[in-house]
Structures are given as structure tokens and as C-alpha cells.
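# Secondary and tertiary structure notes
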Amino acid sequence: MADTQDVTESRLLLAEYDRIKEEQKTRIGFRDNLLYFTLAASTAVVAIAVQSGKSQLLLAVPVICMILGWTYLVNDEKISAVGCYIRDQLGPRLAELSDAPGAVFGWETYHRTDATHTTRKRLQTAVDLLTHVALPMICVTAFWCSPAVEPLLVIVSLAQTAALAVLGWQFLRYAER
């Protein structure tokens, strides 16, 4: 049986920190791989559409980009939420318990204050929008310009365009954080 003195609030907070940092690390790896998978899957569909001459296959690209883009966005938001929780809740509570003179978990704040942070965030948002919104819209536009345009597929492509606009708005909304 464990001694109750071994369980302190500080130890519990440090254990929580270790677990959520592990979750954050896992989510970062997953999120980054989603970007590569999105590009690979989209490239494969475009290649098949071009080789087969079936431009309606291009409408698969928006579906791929929306599903993987939303998953990317959700993971990115959780990654940021973990950092925010550490900065705003966990770090201050642990600093209070330990009577630390400065910030605890300083990296969580430090890496956000460098001179290129804002530029990096903007460039990442541009890459995200290019990958998950512009690329599928290029495919939708190519479909519209093809001879394979059918009324039902036009309706599908218009719905996809609306969904991509919503996804793009979500990327811009989350980029502000």
C-alpha cells in the first residue's frame, strides 16, 4: 500500500503535465502526417482522373481534403489547447505550490514570443488553406471546365464549395489563437 505522503498535489500536477505533453506530442505527429497524407491522396486521385480522362473523379479531392482537413484542424486546436492549459492553469498552480520565483514550464510561453512567431503562424495558415481549401477548389474548377459536367455533379460540387468555404473560415478562425 502506498504511503499517502507520496501523493501530493504537486506530484499529481506533474503527472498530469507528463500525460498531456505526451498527448500533445502524439497529436503533433498525427497532425503533421495528415498533411502529407492529404497531399498524397489528392495527388493519387488527380493522377487517376487525368489518366482515365474521367474529370468527375476530381470531385473526390474535396471530400478527401474536407475530412482530413477537419481532422487536422481539430488536432491542431487540441495541441494549442494543451499549451494554453499548461500556460494558464497548470503552470501557475504548480508555481504557487512550489513558491517558484518565475514561471514554471517557461517553454510554453517562451517559444511564442520570438520575433518570427506571427510570421510562422501566418505562413502555416497559408499552407493549411492552400492544402485543404485551394487545392480542392482547383479540382472543382477543373471539373466545371470539363465536358463531364452533369447537373447532379454540379449540385454536389456546389455543396462541396460551400463546405470548403466553411472549412477555410474555420482555419482562419483558429489561426487567430
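Predicted model only: the values in this text are computed from it and were never measured.

### Section: the environment of Ala175
Summarising the element assignment, Ala175 is placed in helix α5 (residues 151–175). You can call Ala175 partly exposed: its relative accessible area is 23%. Along the sequence, Ala175 and Asp128 sit 47 residues apart, while their C-alpha atoms lie 10.0 Å from each other. Setting aside residues no more than four positions away along its own chain, Ala175 makes contact with Lys121 and Thr125.

### With respect to the side chain of His117
With respect to the element layout, His117 can be found in helix α4 (residues 117–144). For His117, a relative accessible area of 16% translates into the label buried. Non-local contacts of His117, meaning those with residues more than four positions away in its chain, are made with His111 and Arg112.

### Observations regarding the pattern of salt bridges
Where charged atoms from two side chains of opposite charge approach closely, those side chains can pair. Per the counting criterion, the structure on display carries eight salt bridges. Across the pair Glu23 and Arg27 runs a salt bridge, and its minimum N-O distance is 2.9 Å. Taken together, the residues span about one helical turn, with Glu23 and Arg27 both in helix α1 (residues 9–52) at a distance of four residues. On the basis of relative accessibility, which here comes to 35%, the residue Glu23 falls in the partly exposed class. Via salt bridges that share partners, Glu9, Arg93 and Glu96 belong to a single interconnected network.

Calculation criteria
Residues numbered from 1 in each chain as written. Predicted model: local features only at pLDDT ≥ 70, side-chain atom pairs only at ≥ 80, totals over all residues. Heavy atoms only, no water. Helix = DSSP H or I, 4+ residues; strand = E, 2+ residues; numbered from the N terminus. Buried < 20%, exposed > 50% of the residue type's maximum accessible area, 1.4 Å probe, protein only. Contact = heavy atoms within 4.5 Å. Salt bridge = Lys/Arg side-chain N within 4 Å of Asp/Glu carboxyl O.

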